[in-house]
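Chain by chain, the residues run as shown.
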Amino acid sequence: MKRGSFNSRLGFILAASGSAVGLGNIWKFPFEVSNGGGAAFLIMYLFFCFILCFPVIVSEIAIGRNTKKNAIGAFNKMGKRNWNFIGKMGVLCGILILSFYTVVAGWVLGYVFEMINGNFSISENFGKYVNNTTNVILYSTLFMFLTALIVSRGIEKGIEKAAKILMPSLIVIIISLIIYALTLPNSIDGIIFYLVPDFSQINLNVAGNALGQAFFSLSLGMGMLITYGSYINDDNNIINSATLITLTDVGIAFLAGLIVFPFVFSSGIETQGGPGLIFQVFPQIFQDLGGITGIIVGSTFFILLSFAAITSTVSLLEVPVSYLVDEYKIERKYSVWIVAIIILFIGIPSALSQGKSIFFSKFITYFGSEKPIDFMQFIIDVSNDTLLPFGGFLITIYVAFVWKKNNLTEEISKGNPKYKGSLMEKYINFSITYVCPLILGSIFLLTFLNKFFGI
Ligand code: PHE
């Protein structure tokens, strides 16, 4: 069976950046920043992305291109079957992420229509809105349907084409919204909160969240880049691609902050942070803009969010689909729909966990904590903040000590003849041998014990 591939280097970069840029940047990043002391969080996040995550990005793409296989098959192809548990963990993690991601994307899609109808009072009724289960499941299903439609068309005609249309539109929308946000009264207070660090807010928990956020936002540690990397040619310069993907992702998260914080501060609304941040605060701001301006800015904002989300859900779906297609020879069009339907069902508890079902809304209380957390937050804690950094940690160990650094160098050198002997090579090798295993490993371990066991 033909595997398909990206048609151009730009296509790959857009698709991989499309995966990276998503709800993580525009929905999750702002509330993580506001919970984590504004710029203090931002600085840690930037450090993690460039120093700890970059070598993992390069490693994942190299594994994918070298083997031309999915996240699990890649390890088998390299003759290291014992290590394919990294891929298995990644596929599982991708499925968990997609299950709650589709629910939030469903909220977003629903909001596009609410804004078009000028229903700004939705902000006071956010709690009611997310508990209108029929509605939420309907919109999530629609979102998953669109995702599956793109993935079923394959790499070049589906994923690459969607990214080529959606990513440029996204950038245009973002820039227009920033210009608009900066003209609002009090926007400067928002910028100050966002860019002047309050270091007293930094603690282990915040560091753990920043690490999880960096991995989540870069779509890292679960085999997405192994999968996308398996669809590129040997003339692709992996270092350049990785740099562009990181810069785009970090850049857009940063820019999203420049929209969100001026909006929040100019509205004068007390933020309680949390997942409701943009859903509760924004419609009120759009309302203040009045009539047709509010409708236009409001629906544009949620369309932006939907565009960002769908290029990510597409990549999340591609990881298990690619596994089924490669390993079980199940045709793409069947694999896509089977996986999509299963994941929709796995997402139901997340949809019910925002108040509708008491059981899922107070799902678990960690050791050393009194507050029960809901099912969706539990899945986020397990996948984003635990499995992703752990996956990244294992990938660097695998590349440095099992696959070996000289093989990594060979692979990267294919599209980048000057790589061998360069400073970049030394940096990557040093990082994956020492920095990533030690620092990534210890932050992961400490925050894991802290979060779940209160140690
Ligand atoms: N990076 C995406 C976001 O920021 C989420 C994602 C995680 C996508 C892992 C694919 C894999 O929204």
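Our subject is the structure that appears above.
One structure accompanies this document, and this report is about it. (Residues numbered from 1 in each chain as written. Predicted model: local features only at pLDDT ≥ 70, side-chain atom pairs only at ≥ 80, totals over all residues. Heavy atoms only, no water.)

With respect to the site of the ligand
Working step 1: Taken together, 14 residues lie near the ligand, and Ala20, Gly24, Tyr101, Phe216 and Ser219 sit nearest.
Working step 2: Interatomic distance of 2.9 Å between a backbone N/O atom of alanine 20 and a nitrogen atom of the ligand.
Working step 3: A distance of 2.5 Å is found between an oxygen atom of the ligand and a side-chain nitrogen or oxygen belonging to tyrosine 101.
Working step 4: With the chains in place, 100% of the 330 Å² that the ligand exposes on its own is no longer accessible.
Working step 5: Structurally, the ligand is housed in the largest cavity.
Working step 6: Looking at the shell around the ligand, the elements that each hand over two or more residues are helix 1 (9-20), helix 2 (23-35), helix 10 (204-217) and helix 14 (291-328).
Working step 7: Grouping the constituent residues of the shell around the ligand by class yields six nonpolar, eight polar and no charged. (Near = heavy atom within 4 Å. Polar contact = N/O pair within 3.5 Å; in protein donor to acceptor, adjacent residues only side chain to side chain. Areas by Shrake-Rupley, 256 points an atom, 1.4 Å probe, with all protein chains shown as cover. 1 Å grid on protein atoms, 1.4 Å probe; cavity = no way out; pocket = protein on both sides within 12 Å on 5 of 7 lines; lining within 4 Å. Sits in = over half its atoms within 2 Å of the grid points. Helix = DSSP H or I, 4+ residues; strand = E, 2+ residues; numbered from the N terminus. Nonpolar A, V, L, I, M, F, W, Y, C, P; charged D, E, K, R; others polar.)

Here we look at the packing of helix 3 (residues 39-67) against helix 12 (residues 238-267)
Working step 1: The N-to-C vectors of helix 3 and helix 12 enclose an angle of 145°; their axes lie 9 Å apart at closest approach. Helix 3 and helix 12 meet at a crossing whose hand is right-handed. Across the interface between the two elements, Leu42, Tyr45, Leu46, Cys49, Phe50, Phe54, Ile57, Val58, Ile61, Ala62 and Arg65 of helix 3 pack against Ile238, Ile239, Ala242, Thr243, Ile245, Thr246, Leu247, Asp249, Val250, Ala253 and Phe254 of helix 12.
Working step 2: Here the residues of the contact of helix 3 with helix 12 are counted per class, giving 18 nonpolar, two polar and two charged. (Axes fitted to C-alpha atoms, helices over the stretch in contact; angles between N-to-C directions. Left-handed = near helix turned anticlockwise from the far one by under 90°. Contact = heavy atoms within 4.5 Å.)

Structural notes on empty space enclosed by the protein
Working step 1: Across all of its chains, the model carries four cavities of 30 Å³ or more by this definition.
Working step 2: Within this model, the largest cavity holds a volume of roughly 130 Å³.
Working step 3: For the largest cavity, the lining is made up of 15 residues, of which Ser19, Phe216, Ser219, Ser312 and Leu316 are closest to its centre.
Working step 4: Broken down by element, the lining of the largest cavity gets its largest block of residues, three residues, from helix 14.
Working step 5: The class makeup of the residues in the lining of the largest cavity is eight nonpolar, seven polar and no charged.
Working step 6: Put simply, the second largest cavity is a space of about 80 Å³.
Working step 7: Leu204, Asn205, Gly208, Asn209, Asp385, Thr386, Phe444, Thr447, Phe448, Asn450, Lys451 and Phe452 together form the lining of the second largest cavity.
Working step 8: Within the residue set of the lining of the second largest cavity, elements represented by two or more residues are helix 10, helix 17 (375-413) and helix 18 (423-453).
Working step 9: The leading source of residues in the lining of the second largest cavity is helix 18, at six residues. (Points joined across faces, edges and corners; volume = space filled by probe spheres on them.)

A word on the packing of aromatic side chains
Working step 1: One pass over the structure, following the stated rule, counts 46 aromatic pairs.
Working step 2: For the ring pair phenylalanine 29 and tyrosine 45, a centre distance of 5.0 Å and an interplane angle of 50° mean the geometry is tilted. Of the two residues, phenylalanine 29 sits in helix 2 while tyrosine 45 sits in helix 3, which places them 16 residues apart along the sequence.
Working step 3: Residue class for phenylalanine 29 comes out buried when judged on its relative accessible area of 1%.
Working step 4: Where phenylalanine 359 meets phenylalanine 360, the ring centres are 5.0 Å apart and the plane angle is 70°; that geometry is what we call edge-to-face.
Working step 5: Three or more aromatic residues joined by ring pairs make a cluster, and in this case those are Trp107, Tyr111, Phe126, Tyr129, Phe263, Phe279, Phe282, Phe286, Phe301 and Phe302. (Phe/Tyr/Trp six-rings, centres within 6.5 Å; stacked < 30°, edge-to-face > 60°. Buried < 20%, exposed > 50% of the residue type's maximum accessible area, 1.4 Å probe, protein only.)

What about the environment of isoleucine 412?
Working step 1: By secondary structure assignment, the location of isoleucine 412 is in helix 17.
Working step 2: Classification of isoleucine 412 as buried rests on a relative accessible area of 0%.
Working step 3: Along the backbone, isoleucine 412 and isoleucine 63 are 349 residues apart, and their C-alpha atoms lie at a distance of 9.9 Å.
Working step 4: Leaving out residues up to four positions away in the same chain, isoleucine 412 has contacts with Val58, Arg65, Ile238, Ile239 and Tyr419.

As for the pattern of salt bridges
Oppositely charged side chains can pair when the atoms bearing their charge come close.
Working step 1: Overall, the coordinates contain 12 salt bridges when judged by the stated rule.
Working step 2: Between glutamate 410 and lysine 420 there is a salt bridge, and its shortest N-O distance comes to 2.9 Å. Taken together, the residues glutamate 410 in helix 17 and lysine 420 in the loop between helix 17 and helix 18 connect sequence positions 10 residues apart.
Working step 3: We classify lysine 420 as partly exposed; its relative accessible area is 48%.
Working step 4: Through salt bridges with shared partners, one network takes in Arg65, Lys68, Asp234, Glu411 and Lys414. (Salt bridge = Lys/Arg side-chain N within 4 Å of Asp/Glu carboxyl O.)

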